[in-house]
Amino acid sequence: MHELGIAEEILGIVLAEAERNQAKKVSAIRLRVGVVRAIEPEQLSFIFDHIARKTLAEGAALEIEEVPVRVVCAACGEMESRSFAWECPKCKGYEISVQGGDALEIVSVDIEV
Ligand SMILES: [Zn+2]
């Protein structure tokens, strides 16, 4: 369950940011998560809710934007995929390269001061 480690990391960063800005509360957190990381957004939200209890981030809304991977096929060109691809989603060829989709970043944190 690697969502727990990720949730803890996010919470640590968010709380440090909230303290630095002397926030009273964190209301929303926006994340971009690459699909290659195979994170279940619902599960990540659920775990985050749990570990954020009794912190400044209690009840904060976690908005997760999933970032697709870019598949570049020798025959078909570029396309996006919602999951890591071993073969071209169109022609099923193996002459592909997969780019991106491994992002894990906090886009913004909304705080109340
Ligand atoms: Zn193809």
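Our subject is the structure that appears above.
Since we're looking at a predicted model, the values are computed, not measured.

Conventions adopted
Residues numbered from 1 in each chain as written. Predicted model: local features only at pLDDT ≥ 70, side-chain atom pairs only at ≥ 80, totals over all residues. Heavy atoms only, no water. Salt bridge = Lys/Arg side-chain N within 4 Å of Asp/Glu carboxyl O. Helix = DSSP H or I, 4+ residues; strand = E, 2+ residues; numbered from the N terminus. Buried < 20%, exposed > 50% of the residue type's maximum accessible area, 1.4 Å probe, protein only. Donors = N, O, S within 2.8 Å, 3.2 Å for Na, K, Ca; no water. Tetrahedral: all angles 85-135°; square planar, octahedral: opposite > 155°, others 65-115°. Axes fitted to C-alpha atoms, helices over the stretch in contact; angles between N-to-C directions. Parallel < 35°, antiparallel > 145°, perpendicular 65-115°, else oblique. Left-handed = near helix turned anticlockwise from the far one by under 90°. Contact = heavy atoms within 4.5 Å. Nonpolar A, V, L, I, M, F, W, Y, C, P; charged D, E, K, R; others polar. Phe/Tyr/Trp six-rings, centres within 6.5 Å; stacked < 30°, edge-to-face > 60°. Core = buried A, V, L, I, M, F, W, Y, C linked by side-chain atoms within 4.5 Å. Pairing = 2+ DSSP bridges.

Some points on the pattern of salt bridges
So, point 1. The final tally for this structure, using the stated rule, is eight salt bridges.
So, point 2. Among the salt bridges present, the one from Arg20 reaches Glu17, with a minimum N-O distance of 2.5 Å. Taken together, the residues Arg20 and Glu17, both in helix α1 (residues 3-20) and three residues apart, mark about one turn of the helix.
So, point 3. For Arg20, a relative accessible area of 63% gives the class exposed.
So, point 4. Salt-bridge contacts for Glu66 lead to Arg82; the nearest nitrogen and oxygen are separated by 3.9 Å. Of this pair, Glu66 sits in strand β2 (residues 61-67) while Arg82 sits in the loop between β4 (77-81) and β5 (96-99), and the two are 16 residues apart along the sequence.

As for the coordination of the zinc ion
So, point 1. With distances of 2.3 Å, the protein atoms coordinating the zinc ion are Cys73 (SG), Cys76 (SG), Cys88 (SG) and Cys91 (SG).
So, point 2. Taken together, the four donor atoms coordinating the zinc ion span angles of 108 to 112° at the metal, a pattern that classifies the geometry as tetrahedral.
So, point 3. Of note, the zinc ion draws all its donor residues from one chain, in the sequence arrangement C-x2-C-x11-C-x2-C. Placement of Cys76 in the loop between β3 (69-73) and β4 and of Cys88 in the loop between β4 and β5 is noted, with a sequence separation of twelve residues between them.
So, point 4. We classify Cys76 as partly exposed; its relative accessible area is 29%.
So, point 5. Here Cys88 falls in the buried class, since its relative accessible area comes to 0%.

Things to note about the packing of α1 against helix α2 (residues 41-51)
So, point 1. Here α1 crosses α2 at 55°, and the two axes come no closer than 9 Å. Between α1 and α2, the angle is such that the two are oblique. In this structure, α1 meets α2 at a crossing whose hand is right-handed. Judged by residue contacts, Glu3, Leu4, Ile6, Ala7, Glu8, Ile10 and Leu11 of α1 engage Gln43, Leu44, Ile47, Phe48 and Ile51 from α2.
So, point 2. For the contact of α1 with α2, the class distribution of residues is nine nonpolar, one polar and two charged.

Considerations on the packing of aromatic side chains
So, point 1. Inspection of every chain in the model, using the stated rule, returns one aromatic pair.
So, point 2. Ring centres of Phe84 and Trp86 lie 4.9 Å apart, and the angle between their planes is 70°; on these two criteria the pair is classed as edge-to-face.
So, point 3. The exposure class of Phe84 is partly exposed, given its relative accessible area of 38%.

So, the nonpolar core
So, point 1. With 20 residues, the main nonpolar core has Ile10, Val26, Ile29, Leu31, Leu44, Phe48 and Ala57 as its most contacted residues.
So, point 2. Sorting the residues of this core by element identifies α1, β1 (25-34) and α2 as the ones contributing at least two each.

Points about the sheet that holds β4
So, point 1. With respect to topology, three strands assemble into an open sheet ordered β4-β3-β5, the strand pairing being antiparallel. Of all strands in the sheet, those bounded by a partner on one side alone are β4 and β5. Direction aside, neighbouring strands of the sheet carry axes that sit 25° apart on average.
So, point 2. Sheet topology places β3 next to β4; five bridges connect them, and they run antiparallel. Its bridge partner being in β4, Cys73 is matched across the sheet by Gly77.

Fair warning: the whole summary comes from geometry, so function is off the table for now.
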